[in-house]
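Descriptive analysis of the structure
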Amino acid sequence: MPVSPPVPGLPSLNALRAFEASARLGGFAQAAEELQVTPGAVAAQIKGLEGAVGAALFERHPRGVRLTPLGQRALPGFVAAFDSLGQAVVDLRRDAAPGKVHIAALPALAELWLAPRLPAIREKLPVVDISITAMEAPPNLKRVPFDLCLFYAEPDAAGKTPVSEDELLPVCTPRIAATLDTPKDLRNAVCLTDTSWADDWRYWAEKVLPGAGFVPRGPVFSLYSLAVQEALNGAGVLMAHRSLVAEHLASGALVAPFPIPVPYQRTISLWSLPGRHQSETVEKVSSELRALSCSGT
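Quick look at the structure, then. (Residues numbered from 1 in each chain as written. Predicted model: local features only at pLDDT ≥ 70, side-chain atom pairs only at ≥ 80, totals over all residues. Heavy atoms only, no water.)

Points about empty space enclosed by the protein
- Applying the stated criterion across every chain, the model contains three cavities of 30 Å³ or more.
- A volume near 90 Å³ is recorded for the largest cavity.
- Residue lining of the largest cavity: L106, P107, A108, E111, E136, D194, S196, W197, S222, L223, Y224 and S225, and that is the complete set.
- Residues that form the lining of the largest cavity fall into these classes: six nonpolar, three polar and three charged. (1 Å grid on protein atoms, 1.4 Å probe; cavity = no way out; pocket = protein on both sides within 12 Å on 5 of 7 lines; lining within 4 Å. Points joined across faces, edges and corners; volume = space filled by probe spheres on them. Nonpolar A, V, L, I, M, F, W, Y, C, P; charged D, E, K, R; others polar.)

Right, dumping it as structure tokens:
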């Protein structure tokens, strides 16, 4: 009589993902943010996994969790496994739709730098379908199906191609500029600030007004494009990234009241997953973006 013993089942994929993300990122809350679930859901998945393997993977403490020796030994294998799984999915989607390119970009760059260049790219590459997702931080290209990233990065960052340098300078409407004679006049002006780049005013002032203790006074915005629009509306003086307001400066809608730009510490950079062969379509889009940047388009 044939014997058919039950085959031990594998833990659920969600439980394994919860363990890998929590171990790699250092906590349940961080894993929950990446996996877009609640910390309680992550904790429940890991508790179930620990029950399935019959051993603790994390030590629980009032201020967080710490991997047990068993968890530490297991982590590298799971990181490699999920990296491979993520890349396999990326490759599958890319091979299934070779004419599509998906770009992840900083919101301000997506709206004010990339969007104005899309018509020229479509003209050169009419059969390419370009999708753009705006996000505040670069994604892990080993895990998510993006072909290219467009963010600010350090000029010498490994694997990242600088496509445009940038500089900081105050900008405003010509009417407001007429009331400003020297940078010191900014003390009495309404200064517009973007929350993501709140330090831009301080950085510029340290170079232009050293020792003055300048503190910008005025409204704060969570979207840079909104701050730019308010500058166009005449609401105040914006500490601008030249690359992002170039069109408005060229048209005269905005002007720089002081010819004292300060080089920005980081460059607009483009990159893909290192060590992987990119499709011909992705290479073409990347090449066009670099060319358009160099031409000033």
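Quick word on the layout of surface pockets
- The computed volume of the largest pocket comes to approximately 840 Å³.
- Forming the boundary of the largest pocket are 25 residues, of which E34, L35, N140, R143 and V144 lie nearest the centre.
- For the lining of the largest pocket, the secondary-structure elements that each account for two or more residues are α1 (13-25), α2 (28-35) and α4 (69-96).
- Ranked by residue count, the leading element in the lining of the largest pocket is α4, at six residues.
- Among the residues making up the lining of the largest pocket, the classes are represented as 14 nonpolar, four polar and seven charged. (Helix = DSSP H or I, 4+ residues; strand = E, 2+ residues; numbered from the N terminus.)

Some points on the packing of α2 against helix α3 (residues 39-53)
- Direction vectors running N to C along α2 and α3 enclose 110 degrees, while the axes themselves pass 8 Å from each other. Classified by the interaxial angle, the pair formed by α2 and α3 is roughly perpendicular. Of the residues in α3, those in contact with F28, A29, A31 and A32 of α2 are P39, V42, A43 and I46.
- Its residues assigned to classes, the contact of α2 with α3 shows eight nonpolar, no polar and no charged. (Axes fitted to C-alpha atoms, helices over the stretch in contact; angles between N-to-C directions. Parallel < 35°, antiparallel > 145°, perpendicular 65-115°, else oblique. Contact = heavy atoms within 4.5 Å.)

Comments concerning α1
- Between its first and last C-alpha, α1 extends 18 Å over 13 residues, near the 18 Å set by a 1.5 Å rise per residue.
- What α1 keeps buried is the set A15, L16, A18, F19, E20, A21, S22 and A23.
- For α1, the elements touching its buried residues are α2, α3, β1 (58-61), β2 (64-67) and α4.
- Note on α1: the residue one or two positions beyond its end, G26, has a positive phi of about 90 degrees. (Expected span 1.5 Å × (residues − 1). Buried < 20%, exposed > 50% of the residue type's maximum accessible area, 1.4 Å probe, protein only.)

A closer look at the pairing of β1
- Taken together, the four bridges between β1 and β2 define a ladder with antiparallel strand orientation. In the sheet register, F58 faces β2, and the bridge partner there is L67. (Pairing = 2+ DSSP bridges.)

Quick notes on the environment of V228
- Along the chain, V228 turns up in helix α9 (residues 224-232).
- Setting aside its immediate chain neighbours within four residues, V228 contacts L112, L238, V245 and H248.

What about the sheet that holds strand β5 (residues 148-153)?
- An order of β4-β3-β5-β12-β6 is seen for the five strands of this open sheet, with the pairing classed as mixed. The strands lining the two open edges of the sheet, one partner per strand, are β4 (129-134) and β6 (161-164). Between one strand axis and the next, the sheet turns through 30 degrees on average, direction left out of account.
- Here three bridges tie strand β3 (residues 100-105) to β5, and the two strands are oriented parallel to one another. Its bridge partner being in β5, A104 is matched across the sheet by C149.

Here's the deal with the environment of L254
- Summarising the element assignment, L254 is placed in the loop between α10 (242-251) and β11 (262-263).
- Sequence separation of L254 and P119 is 135 residues, and the distance between their C-alpha atoms is 24 Å.
- For L254, the contacting residues outside a window of four places in its chain are V171, C172, T173, A231, L232, V245, H248 and L249.

A closer look at the packing of aromatic side chains
- By the definition in use, this model includes nine aromatic pairs.
- Ring plane angle 80 degrees and centroid distance 5.5 Å describe the contact between F19 and F78, whose orientation is recorded as edge-to-face. Highlighted residues: F19 in helix α1 and F78 in helix α4, separated in sequence by 59 residues.
- On the numbers, 6.4 Å between centres and 90 degrees between planes, the contact of W201 with W204 is edge-to-face. Here W201 pairs with W204, and both are found in helix α8 (residues 200-208), just three residues apart, close to one helical turn. The pair formed by W201 and W204 is uniform in burial state, with each residue classed as buried.
- A cation over an aromatic ring shows up here: K160 above the ring of W271, its NZ or CZ 4.5 Å from the ring centre. (Phe/Tyr/Trp six-rings, centres within 6.5 Å; stacked < 30°, edge-to-face > 60°. Lys NZ or Arg CZ within 6 Å of the ring centre and 35° of its normal.)

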